[in-house]
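Chains, contacts and geometry: an overview
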Amino acid sequence: MADSRTSADGGMETSYGFREVADGEKQGLVNEVFHKVAKRYDVMNDVMSMGMHRAWKDAMISALNPRKEPGYKVLDVAGGTGDIAFRIVEASNRLAHATVLDINGSMLAVGAERAEKKKLSDNLTFVEANAEELPFEPNSFDAYTIAFGIRNVPRIDVALKEAYRVLKRGGRLLVLEFSEVDLPLLDRVYDAWSFNAIPKFGKAITGDAEPYQYLVESIRKFPNQQDFATMIREAGFSRVSFTNYTGGIAALHSGWKL
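Conventions we followed
- Residues numbered from 1 in each chain as written.
- Predicted model: local features only at pLDDT ≥ 70, side-chain atom pairs only at ≥ 80, totals over all residues.
- Heavy atoms only, no water.
- Axes fitted to C-alpha atoms, helices over the stretch in contact; angles between N-to-C directions.
- Helix = DSSP H or I, 4+ residues; strand = E, 2+ residues; numbered from the N terminus.
- Parallel < 35°, antiparallel > 145°, perpendicular 65-115°, else oblique.
- Left-handed = near helix turned anticlockwise from the far one by under 90°.
- Contact = heavy atoms within 4.5 Å.
- Nonpolar A, V, L, I, M, F, W, Y, C, P; charged D, E, K, R; others polar.
- 1 Å grid on protein atoms, 1.4 Å probe; cavity = no way out; pocket = protein on both sides within 12 Å on 5 of 7 lines; lining within 4 Å.
- Points joined across faces, edges and corners; volume = space filled by probe spheres on them.
- Expected span 1.5 Å × (residues − 1).
- Bend = angle between axes of the 7 residues up to and from the residue.
- Buried < 20%, exposed > 50% of the residue type's maximum accessible area, 1.4 Å probe, protein only.
- Phe/Tyr/Trp six-rings, centres within 6.5 Å; stacked < 30°, edge-to-face > 60°.
- Lys NZ or Arg CZ within 6 Å of the ring centre and 35° of its normal.
- Pairing = 2+ DSSP bridges.

Notes on the packing of helix α3 (residues 53–64) against helix α4 (residues 83–91)
- The geometry of α3 relative to α4 is characterised by a closest axis approach of 10 Å and an angle of 45 degrees between their N-to-C directions. By the criterion of interaxial angle, the relationship of α3 to α4 is oblique. Handedness of the crossing formed by α3 with α4: right-handed. For the pair α3 and α4, the contacting residues are His53, Arg54, Lys57, Asp58, Met60, Ile61 and Leu64 in the first and Asp83, Ile84, Arg87, Ile88 and Ala91 in the second.
- In terms of residue class, the contact of α3 with α4 is built from six nonpolar, one polar and five charged.

Pasting the structure below:
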């Protein structure tokens, strides 16, 4: 089936939602999606998650528990608008430094503007680059975070290996992503919301339903919790685990570089 999930063996490389595209084509298509939604990204997340993404992100930061000391360095990938990075810096009593990396310049521009307004610019660095080819030395960061972005990376296995490379020994990977609902009734309700309501809301908000249709479909193509945990282990991480949120609508994955 076109909407069947990919597995730990791959498949997201050529999956643009339910549509198969040529190798190397996906990144450009995804970039266009986020250029379109950059200024309404928070509204988009509210629509996609029924408002729950804020609680899930707070739970992610609690799980990370960033150290409250100078020199603590976090890399937040696909986090252009700064949503996760701002939370991390604040949770560290503004002592941590977060590098926000995104392949999309429109998203980064939104984040940099928001950081200035929040007076957090001194704690943040914004970098336009690809998650599959990080422009950093090995063993550079204490933590690597990515929220609702890993499924948009064509070569997820490569991105995970890059995460492992740039983390220090003892460093932690945290990935928050939409996942597979494990409650039958909730599964049906969420499917109805996703495929019937979300594209319509997207069109009303941005004038274009297509980006939201892709995002909904990409959630259904992303590997389930167990398969994604396997991918994290295969990238070299230890003590790999995941926690489901809201019946599996989202899941927080954790791994350590030991």
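With respect to the layout of surface pockets
- In this model, the largest pocket occupies a volume close to 180 Å³.
- Every element with two or more residues in the lining of the largest pocket is listed here: α7 (184–206) and α8 (210–221).
- Broken down by element, the residue count for the lining of the largest pocket peaks at four residues, all from α7.
- Here the lining of the largest pocket is built from residues that sort into four nonpolar, one polar and six charged.
- By volume, the second largest pocket amounts to about 150 Å³.
- Considering the residues around the second largest pocket, the lining is formed by 15 residues, among which Ala8, Ile156, Asp157, Met231 and Glu234 are closest to the centre.
- Elements with a contribution of two residues or more to the lining of the second largest pocket: α6 (156–166) and α9 (225–234).
- Considering each element in turn, the lining of the second largest pocket owes the most residues, three residues, to α6.
- A breakdown of the residues in the lining of the second largest pocket according to their chemical character gives seven nonpolar, three polar and five charged.

Let's talk about the packing of α7 against α8
- Two elements in contact, α7 and α8, have axes whose closest approach is 8 Å; the angle formed by their N-to-C orientations is 155 degrees. By the angle class used here, α7 and α8 are roughly antiparallel. The chirality of how α7 crosses α8 is right-handed. Counting all contacts with α7, which are made through Tyr190, Asp191, Ser194, Phe195, Ile198, Pro199, Gly202, Ile205 and Thr206, the residues of α8 involved are Tyr212, Gln213, Val216, Glu217, Ile219 and Arg220.
- Per-class residue counts for the contact of α7 with α8 are eight nonpolar, four polar and three charged.

Notes on α7
- Given a rise of 1.5 Å per residue, 23 residues ought to cover 33 Å, and the 32 Å separating the end C-alpha atoms of α7 matches this to within 8%.
- Its axis deflected by about 40 degrees at Ala197, α7 carries its strongest bend there, up to four residues before the proline Pro199.
- Taken as a whole, α7 has its buried residues at Tyr190, Ser194, Ala197, Ile198, Pro199 and Gly202.
- A positive phi of about 85 degrees marks Gly207, the residue just after α7.

Describing α8
- If you check α8, its first and last C-alpha atoms are 17 Å apart, about what 12 residues at 1.5 Å a residue would give, namely 16 Å.
- Within α8, 10 of the 12 residues are buried, which leaves the element mostly enclosed by the surrounding structure.

Examining the packing of aromatic side chains
- In total, this model carries eight aromatic pairs according to the counting rule given.
- Relative to Phe178, the ring of Trp56 has its centre 6.0 Å away and its plane inclined at 85 degrees; by these criteria the two rings are edge-to-face. Pair noted here: Trp56 is in helix α3 and Phe178 is in strand β7 (residues 167–178), with a separation of 122 residues, a long-range link.
- Residue Trp56 is classed as buried on the basis of its relative accessible area, which comes to 3%.
- Chaining the aromatic ring pairs together yields one cluster made of Trp56, Phe148 and Phe178.
- Sitting over the face of the ring of Phe141, Lys73 holds its NZ or CZ atom 5.5 Å from the ring centroid.

Remarks on the sheet that holds strand β9 (residues 250–256)
- On the basis of which strands lie adjacent, the open sheet formed by seven strands has the order β5-β4-β3-β6-β7-β9-β8 and mixed pairing. At either margin of the open sheet sits one strand with a lone partner, and together these are β5 (124–128) and β8 (238–245). Strand-to-strand twist across the sheet, computed as the mean angle between neighbouring axes with direction ignored, equals 15 degrees.
- Pairing geometry for strand β4 (residues 97–102) and β5, over five bridges, is parallel. Opposite Thr99, over in β5, you have Thr125 as the bridge partner.

Geometric values such as these leave the question of function open.
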